[in-house]
Structure formats: C-alpha cells, structure tokens
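# Close look at the chain arrangement
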Amino acid sequence: MNAEPPAESQHDAVYILTNKAMPGMMKIGFTRQEDVQKRIDELYTTGVPLKFHTEWACRIKNAAEAEKALHKAFKKERVDESRQFFTIEPEQAIGILKL
C-alpha cells in the first residue's frame, strides 16, 4: 500500500534562520504549521545555546519542494548532509525565495 504525501496547505512556509551561537551558518527549513514562529521556537532545545533569529519566512505554494531546491542549490555549502545548515549568507537564499 502506497502512502500519499501530506497535502500542501495554505500554511506551508519556508524559513531562513541564523543563530549567533553558529556564526557563518544559516538554517533553511519549512513547516506545515500555521504558526511559523511556534515551529522556530521548537528548534530552541537543550542542544542550542541561543534562540534562532528569523531572517526570512514566507508562505509559498510547494514549500517542501522549494526547501529541497534550496538545499540542492547550496549542496556544496551544506555543513552536514543530515542537517539543514549551510555556510552561506541569508541573502543568497532569500534572493531565490523572492523570485
């Protein structure tokens, strides 16, 4: 039996985050949550010394695909394949999202 992927909703958003404890890195992610800030707050766990700062967040159609495309575009700058952190300036990803 094939499971169908969750349907995109009007709430899906892509976000670009930075953290003063991680200079030179930014996080590219997406959420299906209606409250984007709630998702960002969830990322502040015991393993993260400071809260994340939102550089950019936007609701877009196909947010999951947009996130994957950004990850692919910046593959060489990805810190670890299993993490969503990149050694690029936030403006590089934000510029693409604004297109």
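Everything here concerns the structure above.
Residue positions are counted from 1 within each chain, in the order its sequence is given. Selection of residues for local features in this predicted model requires a pLDDT of at least 70, selection of side-chain atom pairs for listing and counting requires 80 or more, and totals for whole chains, interfaces and linings are taken over all residues. Side-chain metrics rest on all non-hydrogen atoms present in the structure, leaving aside hydrogens and water.

Working definition: a ring pair exists when centres of Phe, Tyr or Trp rings (six-membered ring for Trp) sit within 6.5 Å. Plane angles under 30 degrees give stacked, over 60 give edge-to-face, the rest tilted. Summed over the entire model, instances satisfying the criterion amount to one aromatic pair. Look at NZ for Lys and CZ for Arg. If either is within 6 Å of the ring centre and within 35 degrees of the ring normal, a charge sits over the ring. When the ring centre of Phe85 is taken as origin, the NZ or CZ atom of Lys27, which lies over that ring, is 5.4 Å away.

For the rest of this paragraph, the subject is the pairing of strand β2 (residues 26–31). Burial classification: accessible surface area is computed with a 1.4 Å probe over protein chains only, and a residue below 20% of its type maximum counts as buried, one above 50% as exposed, and the rest as partly exposed. Under the DSSP-based scheme used, a helix requires at least four consecutive residues in state H or I and a strand at least two consecutive residues in state E, with every element numbered from the N terminus. Among the six residues of β2, five are classified as buried, and the element is accordingly described as predominantly covered. The pairing of strand β1 (residues 13–18) with β2 spans six bridges and is classified as antiparallel. Directly across from Ile16, in β2, lies its bridge partner Ile28. Judged from the two bridges that link them, β2 and strand β4 (residues 85–86) form a sheet pairing that is antiparallel. Counted as the bridge partner of Met26 is Phe86 from β4. Strands are treated as partners if at least two bridges between them are detected by DSSP.

What follows covers the nonpolar core. Counting 14 residues, the largest nonpolar core has Ile16, Ile28, Leu70, Phe74 and Ala93 as the members making the most contacts within it. Elements that contribute at least two residues to this core include exactly β1, β2, α2 (63–73) and α3 (90–97). If we skip the residues at most four places from it in the chain, Phe74 touches Ile28, Phe86, Ile88, Gln92, Ala93 and Ile96. Counting 10 residues, the second largest nonpolar core, distinct from the first, contains Ala13, Leu17, Val36 and Ile40. Side-chain atoms within 4.5 Å link the members of a nonpolar core, which is a set of buried Ala, Val, Leu, Ile, Met, Phe, Trp, Tyr and Cys residues. The contact criterion used throughout is that any non-hydrogen atoms of two residues lie within 4.5 Å.

One speaks of a salt bridge when a side-chain nitrogen belonging to Lys or Arg is within 4 Å of a carboxyl oxygen belonging to Asp or Glu. One pass over the full model with this rule turns up three salt bridges. Glu42 serves as the salt-bridge partner of Arg39, at 3.4 Å between the closest nitrogen and oxygen. Of this pair, Arg39 and Glu42 both sit in helix α1 (residues 36–42), separated by three residues, roughly a single helical turn. Glu81 serves as the salt-bridge partner of Arg78, at 3.8 Å between the closest nitrogen and oxygen.

Take the environment of Ala66 next. Mapped onto the elements of the fold, Ala66 is located in helix α2. What makes Ala66 buried here is its relative accessible area of 18%. Separated by 52 residues in sequence, Ala66 and Val14 have C-alpha atoms that sit 7.5 Å apart. Beyond its immediate chain neighbours, meaning those up to four positions away, Ala66 contacts Val14 and Ile60.

We now examine the pairing of β1. Of all six residues in β1, six are buried; the element is thus mostly enclosed. Side-chain alternation along β1 places Ala13, Tyr15 and Leu17 on one buried face and Val14, Ile16 and Thr18 on a second face that is also buried. Sheet topology places β1 next to strand β3 (residues 53–59); six bridges connect them, and they run antiparallel. What sits directly across from Ala13, in β3, is Arg59.

So, about α2. Listing the buried residues of α2 in full gives Ala63, Ala64, Ala66, Glu67, Leu70 and His71. Taken down its axis, α2 places every buried residue within 165° of arc, on the same side. Exposed and facing more than 90 degrees away from the buried side of α2 are Lys68, Lys72 and Ala73. Packing partners of the buried residues in α2 comprise β1, β2, β4 and α3. For this quantity, the arc is that covered by the directions from the helix axis to the C-beta atoms.

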